[in-house]
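Examination of the molecular architecture
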Amino acid sequence: MVDRLVNSEANNRRIALVESCFGASGQPLAVPGRVLVGEGVLTKLCRKKPKPRQVFLFNDILVYGNIVMSKKKYNQQHIIPLEEVQLSSLEDNGQYRNGWLIKTPTKSFAVYAATATEKTEWMAHINKCVQDLLHKSGKTAADTHAAVWVPDDAAATCQHCQRVQFNVIQRRHHCRKCGRVVCGQCSNKKILLPHQSSKPLRCCLACYDEVSAAGNATPQTDKNDLREMESGSDDDSDIDDAATSDDPNSAQPLQQTMMFYEGNNTADASLNNSSLLSGTGDAAQGSSPTAAPADASHTSSNAADPASSGQAD
């Protein structure tokens, strides 16, 4: 089905719409052989809180961005090569349901769908694209992935020393190797993690000792690095937590709609009237997906017109 969509007029229009929604802040997405397989809103678990993100699945990359105006404008474009992606299902935990991990060598994070059915469809389509890419290229899947950061609100005290309580003075920091939330004194060292950066990265003392024993740690954190970390200028933020709202309604939970074009016999015919990007035929805003019933109504990938569904980066 993907091969049939390559260079088709409908596929070219879809990709052009995605590019236009990101505007000048996004990278060009139209390249030979690229197909937009599906799109929709997922909830991404950011450092500070879950946030809705518009997600576009292509046959070779995964793209997501912050929602400025639903179906019209996105920014903070992130592009993830699918060859690097590995998925891991997450068990339901309270309000966090229908989730899975997207793991890559440089960044790993959790996302959540509105329903169990949507989770299954998203994971199946992503895995199929990854497998097809690896098969065509002859490459093997990445065996090293970045740690998933523990959310700030999951740690009231340092997860290394277990003593320091976080407040406006005692800031939270994240170990780049294990993802735990630690205090400044317990993360005043840096180690080299080649799959994440060419520069040494902040880590907790436990990971520093572990990597030092293997002979891969930086010899000593220099004075400039220490001053940076003590002053708080050592970047420990998640760009996905940035304020991005120009839409007065964007503070409200977004209705989650999903469309997969692969295997959708009516998607081409309905593109002009019901594209998720065009803003026509779209579902109305609704409630958060993580609080929705496990099998709330969802948009079928075989539906001619996107239907309403329940509503994290």
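Right, let's walk through the structure included here.

About the criteria used
Residues numbered from 1 in each chain as written. Predicted model: local features only at pLDDT ≥ 70, side-chain atom pairs only at ≥ 80, totals over all residues. Heavy atoms only, no water. Salt bridge = Lys/Arg side-chain N within 4 Å of Asp/Glu carboxyl O. Helix = DSSP H or I, 4+ residues; strand = E, 2+ residues; numbered from the N terminus. Buried < 20%, exposed > 50% of the residue type's maximum accessible area, 1.4 Å probe, protein only. Pairing = 2+ DSSP bridges. Core = buried A, V, L, I, M, F, W, Y, C linked by side-chain atoms within 4.5 Å. Contact = heavy atoms within 4.5 Å. 1 Å grid on protein atoms, 1.4 Å probe; cavity = no way out; pocket = protein on both sides within 12 Å on 5 of 7 lines; lining within 4 Å. Points joined across faces, edges and corners; volume = space filled by probe spheres on them. Nonpolar A, V, L, I, M, F, W, Y, C, P; charged D, E, K, R; others polar.

**Points about the pattern of salt bridges**
For the structure shown, the criterion picks out 6 salt bridges. The closest approach of N and O atoms between aspartate 152 and lysine 48, which form a salt bridge, is 3.8 Å. Within this pair, whereas aspartate 152 is found in the loop between α3 (116-137) and β8 (173-174), its partner lysine 48 is found in the loop between β1 (36-45) and β2 (50-58), the two being separated by 104 residues in sequence. A relative accessible area of 52% means that lysine 48 is categorised as exposed.

**Topic: the pairing of strand β3 (residues 61-69)**
With 8 of 9 residues buried, β3 is to be regarded as a mostly interior element. Relative to β3, β2 runs antiparallel, the two being bridged by 5 bridges. Directly across from leucine 57, in β3, lies its bridge partner leucine 62. Hairpin connection between β2 and β3: a loop of 2 residues separates the two successive antiparallel strands. As defined by bridge partners, β3 adjoins strand β4 (residues 73-81) across 7 bridges and the pair is classed as antiparallel. Its bridge partner being in β4, leucine 62 is matched across the sheet by isoleucine 80. The turn linking β3 back onto β4 is made up of 3 residues, and lysine 71 within it adopts a positive phi angle of 70 degrees.

**A few points about unusual backbone geometry**
One non-glycine residue, glutamine 76, lies in positive phi territory at about 50 degrees. Structurally, the position occupied by glutamine 76 is in strand β4. Of note, asparagine 98 is a non-glycine position whose phi angle comes to about 60 degrees, a positive value. Within the element layout of this structure, asparagine 98 appears in the loop between β5 (86-89) and β6 (99-103). For asparagine 98, a relative accessible area of 2% translates into the label buried.

**Here's the deal with the nonpolar core**
Leu57, Leu82, Trp100, Trp122 and Ile126 are the most contacted members of the largest nonpolar core, which has 42 residues in total. Leave out the neighbours within four places in its chain, and isoleucine 126 touches Leu57, Leu82, Val85, Leu87 and Trp100. Residues Cys161, Cys183, Ile191 and Val211 belong to the second largest nonpolar core, which totals 18 residues.

**Some details on empty space enclosed by the protein**
Volume-wise, the largest cavity comes out at about 60 Å³. Lining the largest cavity, in full, are Leu42, Lys44, Arg53, Val55, Leu62, Tyr64, Ile102, Phe109 and Val111. For the lining of the largest cavity, the elements supplying multiple residues, two or more each, are β1, β2, β3 and β7 (108-112). Among the residues making up the lining of the largest cavity, the classes are represented as 7 nonpolar, no polar and 2 charged.

**Considering the pairing of β1**
The element β1 is largely enclosed, with a buried count of 10 among its 10 residues. Turn length for the β1-β2 hairpin, with the two strands adjacent in sequence and antiparallel, is 4 residues. Summarising the sheet, β1 and strand β12 (residues 258-260) pair through 3 bridges and their orientation is antiparallel. Residue pairing in the sheet places glycine 40 in a bridge with methionine 258 of β12. With 2 bridges connecting them, β1 and β7 associate as antiparallel partners. Its bridge partner lying in β7, lysine 44 is registered against valine 111.

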